[in-house]
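Chain and residue survey
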Amino acid sequence: MLLADLHIHTCLSPCATFDMTPRKIVTEARKRKLDIIAITDHNSAENVGAVMAAATRAGLAVIPGMEVTTSEEVHIVGLFEDVERALAMQTLVYDHLQPGENDEDLFGLQVIANPFDEVEGINRRLLIGATRLGLGQVVEAIHTLNGVAIAAHIDREAFSIVGQLGFIPGDLELDALEISRRMSLKQGRTVFSGLERFPFITSSDAHDLEEIGVSPTAFRMGGPELDELKRALGRTGGRGIEY
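Summary of the structure given here. (Residues numbered from 1 in each chain as written. Predicted model: local features only at pLDDT ≥ 70, side-chain atom pairs only at ≥ 80, totals over all residues. Heavy atoms only, no water.)

1. What about the layout of surface pockets?
In this model, the largest pocket occupies a volume close to 290 Å³. Lining the largest pocket are 18 residues, and of these His42, His75, Arg156, Asp205 and His207 sit closest to its centre. For the lining of the largest pocket, the residue count by class is four nonpolar, eight polar and six charged. (1 Å grid on protein atoms, 1.4 Å probe; cavity = no way out; pocket = protein on both sides within 12 Å on 5 of 7 lines; lining within 4 Å. Points joined across faces, edges and corners; volume = space filled by probe spheres on them. Nonpolar A, V, L, I, M, F, W, Y, C, P; charged D, E, K, R; others polar.)

2. Quick word on unusual backbone geometry
Phi at asparagine 43 is positive, roughly 55°, even though this residue is not glycine. As for its placement among the helices and strands, asparagine 43 is situated in the loop between strand S2 (36-39) and helix H2 (48-54). If you check the backbone angles, aspartate 205 has positive phi at about 50° while not being a glycine. Note on placement: aspartate 205 falls in the loop between strand S9 (200-202) and strand S10 (217-220). (Helix = DSSP H or I, 4+ residues; strand = E, 2+ residues; numbered from the N terminus.)

3. Comments concerning helix H5 (residues 135-144)
Among the residues of H5, those classed as buried are Leu135, Val138, Val139, Ala141 and Ile142. Projected down its long axis, H5 carries its buried residues within an arc of 160°, all on one side. Counted as exposed and oriented over 90 degrees from the buried face of H5: Glu140 and Thr144. Contacts made by the buried residues of H5 are with strand S3 (61-69), strand S4 (75-79), helix H3 (83-94), strand S7 (148-151) and helix H6 (161-165). One or two positions beyond H5, positive phi appears at asparagine 146, with a value near 65°. (Buried < 20%, exposed > 50% of the residue type's maximum accessible area, 1.4 Å probe, protein only. Arc of directions from axis to C-beta. Contact = heavy atoms within 4.5 Å.)

4. As for the pattern of salt bridges
Under the defined criterion, the tally for this structure stands at twelve salt bridges. Between aspartate 19 and lysine 24 there is a salt bridge, with its nearest N and O atoms 3.4 Å apart. On the basis of relative accessibility, which here comes to 39%, the residue aspartate 19 falls in the partly exposed class. When the shortest N-O distance is used, the salt bridge between aspartate 205 and arginine 156 registers 3.0 Å. Of this pair, aspartate 205 sits in the loop between S9 and S10 while arginine 156 sits in the loop between S7 and H6, and the two are 49 residues apart along the sequence. Taken as a pair, aspartate 205 and arginine 156 share a single burial class, namely buried. (Salt bridge = Lys/Arg side-chain N within 4 Å of Asp/Glu carboxyl O.)

5. Side note on the packing of aromatic side chains
By the definition in use, this model includes zero aromatic pairs. The ring of tyrosine 94 has arginine 125 sitting right over it, with the charged end atom 3.9 Å from the ring centre. Positioned above the aromatic ring of tyrosine 243 is the side chain of arginine 189, whose terminal nitrogen or guanidinium carbon lies 4.5 Å from the ring centre. (Phe/Tyr/Trp six-rings, centres within 6.5 Å; stacked < 30°, edge-to-face > 60°. Lys NZ or Arg CZ within 6 Å of the ring centre and 35° of its normal.)

Following this line, the structure appears as C-alpha cells:
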C-alpha cells in the first residue's frame, strides 16, 4: 500500500507562503510518511523539476502536475508521466492565460525556486485567474499528453465542477473526483453517491507545510509510477483505492 497526497502547491502558487519550497515540501512529506506526492501549482509547472530533484535521495516519488483553472472557473488537476509533458501542458495554459500580471500585494509573490530552496526568479503572470480553455479542452489536452485528469475538491463551492456547474457533463472523461481535506473519503462517497461511476480520492490541496499529508489516499499499487496510479484508479490488476 502506498500513501499519496496528489495535490500540493509550492511557493509559485499565489497565496502560498515561501515556506512551500522544494526541500521543505520533501522533508514534510517524508515526516508524514507519504510515499508519493504530486506538485500541482495553479496554471504552472515551473517548480515541478526542482521538487523532483530535491526528492531524489529522500525515498519520495514526485508526480509532475498542474491545477488548471478552466474558463468556467473549475479546477482540474492534471498529473503527468514526466516533466516534459507537464511543461507541454504549461505551454498550452500560458498561451491561454487571461491578460495582466499578478498583483503581488494581493496574492503574494510567485516564486520560482531551485532544488536548494534558492530563488531563481519571479513569475509575474496572472496564474490565479481562469484560463480561456474550456473544461472539455483541458481534460482532452491532459489525456493527449497521456495524463490523468481529476476534478478538484468537488465538495467545495468555489472552483469545483459541482459548485460551478451543478453537475458533471456525461461526455467528460474524468479519471477521478477529489474530495478536499474537509471531508473523509467515506463521507464524500456518501454525499456524492450519484457519482459512484467515478473513482474518489482525497488530497490536501496544501498551500502551507502543516497541510501536507493531512488527507492522503491509500493506493494498492505495484509502484509509484503514473501507469500504476492509472491502474489503481481503474481497479485493474489487483490495484485499487483503500476506502
